[in-house]
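Residue strings, one per chain:
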Amino acid sequence: MAKSSADDDELRRACEAAIEGTKQKILMSIRVAKSRGIWGKSGKLGRGHMAKPRVLAISTKSEGQRTKAFLRVLKYSTGGVPEPAKLYKLKHMSKVEVVTNDPSGCTFMLGFDNLRSQSVAPPQWTMRNIDDRNRLLLCILNICKDVLGHLPKVVGIDVVEMALWAKENTPTVPKQRNLQDGPVAAALVESDIKVTVEKELVSQAEEEDMEALLDTYVMGIGEAEAFSERLKRELQALEAANVHAILESEPLIDEVLQGLESATNCVEDMDEWLGIFNVKLRHMREDIESIETRNNKLEMQSVNNKALIEELDKLLERLRIPSEYAACLTGGSFDEARMLQNIEACEWLTGALRGLEVPTLDPNYATMRAVKEKRAELDKLKTTFVRRASEFLRNYFASLVDFMISDKSYFSQRGQLKRPDHADLRYKCRTYARLLQHLKSLDKSCLGSLRKAYCSSLNLLLRREAREFANELRASTKASRNPTVWLEGSTGSSQSVNNADTSNVSEAYAKMLTIFIPLLVDESSFFAHFMCFEVPALVPPGGLANGSKSAPSYDDANDDDLGIMDIDENESKAGKKSVELEALNESLRDLLDGIQEDFYAVVDWAYKIDPLRCISMHGITERYLSGQKADAAGFVRLLLDDLESRITVQFGRFVEEACHQIERNDRNVRQIGILSYIPRFATLATRMEQYIQGQSRDLVDQAYIKFVTIMFVTLDKVAQADPKYSDILQLENYAAFQNSLYDLANVVPTLAKFYHQASESYEQACTRHISMIIYTQFERLFQFGRKIEDLMYTITPEEIPFQLGLSKVDLRKVVKSSLSGVDKSISAMYKKLQKNLTSEELLPSLWDKCKKEFLDKYDSFAQLVAKIYPTETIPSAAEMRELLASM
């Protein structure tokens, strides 16, 4: 058998270390397994709850003459060291129960009378074997009896069996521990050794009586039959005595029978009475049930009537029209001071109408005559109020605008540009913003006429403001006109171009847009919100209406926030939004139509002063146009699109006129030197580049393409009019084009393309003109070489000297006639080149090209002669190069 953990000194020392400082002594420590159970209903072991290893330790603590006993539960820490978990006082132990479901008998539970909740399942303790269990329980029972003076209730264990086990296992506890553990522990151990069955079950006197009784029956094994006979005789004697006693009690039995008979009669009479009472009670129960049924019906009827009255009261409350609201809706004033009452009346009327609709009202009530009549009355109230409010608002809008138009201080005057200010107008309109919201909720169809009335009135004001502002803007802007004739050739190349500063013209146009475009955008946004259009916000958060960071603010930052609640904010859908947007665009057209004429007038005025200002105005317009992204700014985008188209058309007129001016150079009169439009175009392009702003690059590039294309075509036509001087005219003008546009071509890609085209045309004209001059002086020499080249394709080089006109004699004649005065011929080439050239600065480069071309041709001729006529000698190419270098 394995050693018991009760004898494990190391476990005892670990437990003593765990409770060090409590002044308690460990009498016994033993390892157990803890699980959960219920009194009298212990489940199967090992199920429901996982068993946990624990250590049970019995300890005592001496306080003077008193000794306290404890049961400690210790658990294992992470490092496997026991640490205190729970502490029980043995004086409160009331019960020790061995679990019957455990066949081994090693599982038990301990009950204490001071636990707070007896409903909580007590822990079950399982020992390794019966010996460990008996040792622990005997130790607990002995302490309870000897030290505490009482024993707990023992259930499920035979104490006689335990006493016999204690006798058999007496030598297992050493006696030497008495001196170490003190008097209490010694007494406990001693009593543990000497425990007997008699000590546990009977007293000393009872034990002596039992021994005396047993002594009377002391007999050997052979006296068993005699003992059996004796017991039989005594049994017969007892039976005879019982029969005799029965016979002697006959009179008593008769009396008992008489009493039973009289009691039976009484019971029968009582049964008859009870039957009668039962019938009466049954009838009474039936009557009570009938009364209760009628009472329940009456009670239910009363409850239903009460609920019906409450529902009718609620319905009547819905159907009641407060007199103050009725008076306000039918005849109240719409003055600003009375608007709060009007709004409250509108809210009540809206709620009342919705309250009588089926989703809100019970369908059973919807068919009631009173409900139908009340709905008709509410509809009549709604129609009356909508008609009165619509008429008032139409008149109110017209009166506001008439008052502003009649006051000239609202508009620009001579010498004073007046910026339109609609803050007061919007403030007065905002007073009725919530009224418009409720009118939309009550009758959406009434908004059409109100929107038209508002647009018609405000359109007059906006057009008047724009007209007065545009007129004063043009009158106050002083600028001298620049000529529209830039490329005309009739005035000669010495025409001076007026370079007057006309920047204030484009600044005036920018001021017009800066003032009115944000105003129109704000008016569009205010109109969209004020007239209850369900469209997105006009200006996105953080964006500007005009696309400029420095745009001025004409009203408060929250000017378009009407301070009203969107009543139908949950009704918006994609299809509905498209319809609303279409209606908004139509209304904005009515609101702003006609104002574009004043913008056109400013554009036309600027064009007359300086057509090139169309470039800067186009860039300004494009910048404002790119800033309009919101749906409510649709008409403003159309206005800017029209302005941009107008500017483009005006600039196109200028371009077409300039092209006609270029084409007028194509006439029969012989023209020499640089055409007048070449240097003037460079001046024009420089000015156009200065005016470019924003997105006007494409506009200018298109003009460049038209200008230069016409210029080149016209140049070719003029050159073809006099073929003799065609190449000189072309090379001089293409060179002038390159020289005048060199700086611009480096920064303008479109001009760079035409620059390269002019360069190619210049090279071609140079090549043709130089070849003509060379052939004029050395035609026979190079014609002879060309004949040789032509024959080399058909015959061998050896045969060529024998051909007619190509003999050696012919070669000598040609060389002598062409090269005998070569220096004079070269001088003649130079003079001819110089004579026809009007641009002296081109002469050095052309002469260099001429010499190079001549040397290349002569070098080719010399190589042909050396190949075909190896015996003939002519001046070498090197000698000719030295001759040209010395001249």
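Bear in mind the structure is a predicted one, so any value in this text is a computation, not a measurement. (Residues numbered from 1 in each chain as written. Predicted model: local features only at pLDDT ≥ 70, side-chain atom pairs only at ≥ 80, totals over all residues. Heavy atoms only, no water.)

A.B. asks: Can you tell me about the packing of aromatic side chains, naming the residues and giving the values?
C.D. replies: All chains considered together, the criterion is met by 24 aromatic pairs. Here Phe392 and Tyr432 contribute two aromatic rings whose centre-to-centre distance is 5.3 Å and whose plane-to-plane angle is 55°, an arrangement assigned as tilted. With a gap of 40 residues between them, Phe392 in helix 12 (residues 369-406) and Tyr432 in the loop between helix 13 (423-430) and helix 14 (433-442) connect regions that are remote in the sequence. The exposure class assigned to Phe392 is partly exposed, which follows from its relative accessible area of 21%. On the basis of an interplanar angle of 70° and a centroid distance of 5.3 Å, the ring pair of Phe469 and Phe516 is categorised as edge-to-face. With a gap of 47 residues between them, Phe469 in helix 15 (residues 447-476) and Phe516 in helix 16 (residues 503-530) connect regions that are remote in the sequence. For Phe516, a relative accessible area of 0% puts it in the buried group. Among the aromatic residues, those joined into a cluster by ring pairs are Phe392, Tyr396, Phe397, Tyr432, Tyr454, Phe526, Phe527, Phe530 and Phe533. Sitting over the ring of Tyr600, Arg646 keeps its end group 4.6 Å from the ring centre. Above the plane of the ring of Phe754 lies Lys753, whose end atom (NZ or CZ) is 5.0 Å from the centre. (Phe/Tyr/Trp six-rings, centres within 6.5 Å; stacked < 30°, edge-to-face > 60°. Helix = DSSP H or I, 4+ residues; strand = E, 2+ residues; numbered from the N terminus. Buried < 20%, exposed > 50% of the residue type's maximum accessible area, 1.4 Å probe, protein only. Lys NZ or Arg CZ within 6 Å of the ring centre and 35° of its normal.)

A.B. asks: So what's going on with the pattern of salt bridges? Residues and values would help.
C.D. replies: Scanning the model with the defined rule gives 14 salt bridges in all. With a closest N to O distance of 3.9 Å, Asp590 and Lys452 form a salt bridge. Within this pair, whereas Asp590 is found in helix 17 (residues 574-592), its partner Lys452 is found in helix 15, the two being separated by 138 residues in sequence. In this structure, the salt-bridge partner of Glu656 is Lys706, at a minimum N-O distance of 3.4 Å. Of the two residues, Glu656 is situated in helix 20 (residues 634-663) and Lys706 in helix 22 (residues 697-721); the sequence distance between them amounts to 50 residues. Taking the relative accessible area as the measure of exposure, Glu656 reaches 37% and is therefore partly exposed. (Salt bridge = Lys/Arg side-chain N within 4 Å of Asp/Glu carboxyl O.)

A.B. asks: Tell me what's going on with a positive patch on the surface, and back it up with residues and numbers.
C.D. replies: Together, Arg36, Lys52, Lys75 and Lys86 make up a region of like positive charge exposed at the surface. As for its position among the elements, Arg36 is in strand 1 (residues 25-36). You can call Arg36 partly exposed: its relative accessible area is 33%. (Patch = residues over 30% accessible without salt bridge, like charges linked within 9 Å, V, L, I, M, F, W, Y side chains within 5 Å. Areas by Shrake-Rupley, 256 points an atom, 1.4 Å probe, with all protein chains shown as cover. Lys, Arg positive; Asp, Glu negative; His and termini not counted. Charge placed at Lys NZ, Arg CZ, Asp CG, Glu CD.)

A.B. asks: Describe the nonpolar core, with residues and values.
C.D. replies: In this structure, Leu435 and Phe707 are the most contacted members of the largest nonpolar core, which totals 168 residues. Here this core gets 16 residues from one element, more than from any other, and that element is helix 16. Membership of the second largest hydrophobic core comes to 32 residues, among which are Val73, Val96, Ile140 and Ala166. (Core = buried A, V, L, I, M, F, W, Y, C linked by side-chain atoms within 4.5 Å.)

A.B. asks: I'd love a proper account of the sheet that holds strand 6 (residues 107-112), names of residues and values included.
C.D. replies: Strand order in the open sheet made by the 8 strands is 4-3-2-1-7-6-5-8, with mixed pairing throughout. Every interior strand has two partners, whereas the edge strands, strand 4 (82-89) and strand 8 (153-155), have only one. Neighbour-to-neighbour, the strand axes of this sheet turn through a mean angle of 35°, independent of strand direction. Note: strand 1 against strand 7 (residues 123-126), 4 bridges, orientation antiparallel. Considered in strand 7, the bridge of Ser35 is made with Gln124. Where helix 1 (residues 9-18) meets the sheet, its contacts fall on strand 1, strand 2 (52-63), strand 3 (66-76) and strand 4, and the angle it forms with strand 1 comes to roughly 95°. Across the sheet, helix 2 (residues 130-148) lies against strand 1, strand 2, strand 3, strand 5 (93-98), strand 6 and strand 8, angled at about 125° from strand 1, the strand it touches most. (Pairing = 2+ DSSP bridges. Axes fitted to C-alpha atoms, helices over the stretch in contact; angles between N-to-C directions. Contact = heavy atoms within 4.5 Å.)

A.B. asks: Account for unusual backbone geometry, with residues named and values stated.
C.D. replies: The phi dihedral of Lys23 is positive, around 60°, even though this residue is not glycine. Locating Lys23 in the fold gives a position in the loop between helix 1 and strand 1. For Lys23, a relative accessible area of 73% puts it in the exposed group. Despite not being glycine, Cys532 shows a phi value in the positive range, around 65°. Relative to the elements of secondary structure, Cys532 occurs in the loop between helix 16 and helix 17. Residue Cys532 is classed as buried on the basis of its relative accessible area, which comes to 4%.

A.B. asks: Go over the packing of helix 21 (residues 677-691) against helix 23 (residues 726-740), please, and point to the residues and values.
C.D. replies: Where helix 21 contacts helix 23, the two axes come as close as 9 Å, and the packing angle between them is 15°. Taken together, the axes of helix 21 and helix 23 are roughly parallel relative to one another. The hand of the helix 21/helix 23 crossing is right-handed. When helix 21 is examined against helix 23, the residues Ile678, Phe681 and Ala682 are found in contact with a partner set consisting of Asn733, Ala736, Phe737 and Ser740. Split into classes, the residues belonging to the contact of helix 21 with helix 23 amount to 5 nonpolar, 2 polar and no charged. (Parallel < 35°, antiparallel > 145°, perpendicular 65-115°, else oblique. Left-handed = near helix turned anticlockwise from the far one by under 90°. Nonpolar A, V, L, I, M, F, W, Y, C, P; charged D, E, K, R; others polar.)

A.B. asks: Tell me about the pairing of strand 2, residues and numbers included.
C.D. replies: When strand 1 meets strand 2, the two strands line up antiparallel, connected through 9 bridges. What sits directly across from Arg31, in strand 2, is Val55. Pairing analysis gives 10 bridges linking strand 2 to strand 3, with the strands arranged antiparallel. Each bridged residue has a counterpart across the sheet, and for Ala57 the counterpart in strand 3 is Arg72.

A.B. asks: I'd like a description of helix 19 (residues 613-626), backed by residues and values.
C.D. replies: Over its 14 residues, helix 19 runs 20 Å from end to end, which matches the ideal 20 Å to within 8%, given 1.5 Å per residue. Summarising burial for helix 19: 12 of the 14 residues are buried, a large majority. All buried positions along helix 19 are accounted for by Arg613, Cys614, Ile615, Ser616, Met617, His618, Gly619, Ile620, Thr621, Glu622, Tyr624 and Leu625. (Expected span 1.5 Å × (residues − 1).)

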